[in-house]
Every structure is written in C-alpha cells, then in structure tokens.
Amino acid sequence: MSDNEYNIESADAGASATIPMEAGQIKKGGFIMIKGKPCKVLNISVSKTGKHGHAKCNFTAVDIFTGKKLEDMVPSSHGTTVPVVVRTEWEIIDIGDEGELTLMDEGGDQKTDVNLPGFPETMADDIRNAWNEGENQVGVTVQAAVGIEQVIAWKKISD
C-alpha cells in the first residue's frame, strides 16, 4: 500500500467536548456547563459549610451563544463539567441570501458551515453592511464549543 491511501484531512482523537472539573476550581470569567449549555461565569458566591459538610458554589453565568443568564448551585468539592471553547479568526469571502457565510483562514482553508449570528440582534446586519457586497474586507471570530459554532465578533480589516 502506498502512502497516498492514508491521506487524513483532520486528526480528531475523539476528544470530549467537555472536561470534568471540581466546582471549587472554576473561576470568574471561566466556562461551565449549566443545563447542557456552555456558559461564561459572571459571578461566583460560595456559601459556608452547613450541617451536611459541603460549601456550595452558586454560579451566575451567561450562555456564550444566546446571552441568556443561567444559574447553578454545586457543592464546591463535587465535580461539574467545563466546555472546551475554541476561538478562530476567519475572513469573509461571501455572504449568502439566507445569511450563510463562506469564510477563509490565513492558511487558505475555507469554511461554509457557519451562518450570520442571531445574537446580538444587530450584529448580522452590521456585518452585512460592513462587508458591503465584497467592497470591504471583514474578519470574524468564530467560537466553537460542544459541537456548536457561531460568530461572536467582527472587525473591518480594510476599506
């Protein structure tokens, strides 16, 4: 067999989308899974140990894709899950009529499975106006976690 038959495009070792972590180790500004949603921690309040012996961490967090505020209370010594969050920079090549994006990274790789964001409400229109039918170069930041990818930020590269 020749080496050409083993051309592997991407190497995914079957890694989990989340990792376990003790609730007491999660810090403000970090990430946590609440009700199956990846969230960024806004605030943590820790209650004192009670008669059952566990201090409790009360997490206030915001869903990283919808902006919805969520809360969870976990004993500080118990385990919870933390999403693996990856951010990548892309340049817009095309915007379809339905809001589907064609993106390209610095290496020339293209991506076509991301749409204009629905949150915040005005971001999709802002990106479309800044791109101006290809007149301007616009870069976007795509955030990925637990199998979801979404545009979270944009900037005009040049006029």
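Here, every reference points to the structure presented above.
Residues numbered from 1 in each chain as written. Predicted model: local features only at pLDDT ≥ 70, side-chain atom pairs only at ≥ 80, totals over all residues. Heavy atoms only, no water.

K.L.:
Describe the pattern of salt bridges, and please don't skip the residues or the numbers.
P.N.:
If charged atoms from side chains of opposite charge come close, those side chains can pair. What the rule picks out here adds up to 3 salt bridges. Of the charged contacts in the structure, one is a salt bridge between Lys155 and Glu89, with a shortest N-O distance of 3.8 Å. Note that Lys155 is positioned in strand E11 (residues 148–158) and Glu89 in strand E7 (residues 86–95), a separation of 66 residues in sequence. Owing to a relative accessible area of 45%, Glu89 belongs among the partly exposed residues under this scheme. Here Asp113 and Lys111 are joined by a salt bridge, their closest N and O atoms 3.4 Å apart. Judged by its relative accessible area of 56%, Asp113 falls in the exposed class. For Lys111, a relative accessible area of 13% translates into the label buried. Several salt bridges share partner residues, and in doing so they unite Lys111, Asp113 and Glu149 into one network. (Salt bridge = Lys/Arg side-chain N within 4 Å of Asp/Glu carboxyl O. Helix = DSSP H or I, 4+ residues; strand = E, 2+ residues; numbered from the N terminus. Buried < 20%, exposed > 50% of the residue type's maximum accessible area, 1.4 Å probe, protein only.)

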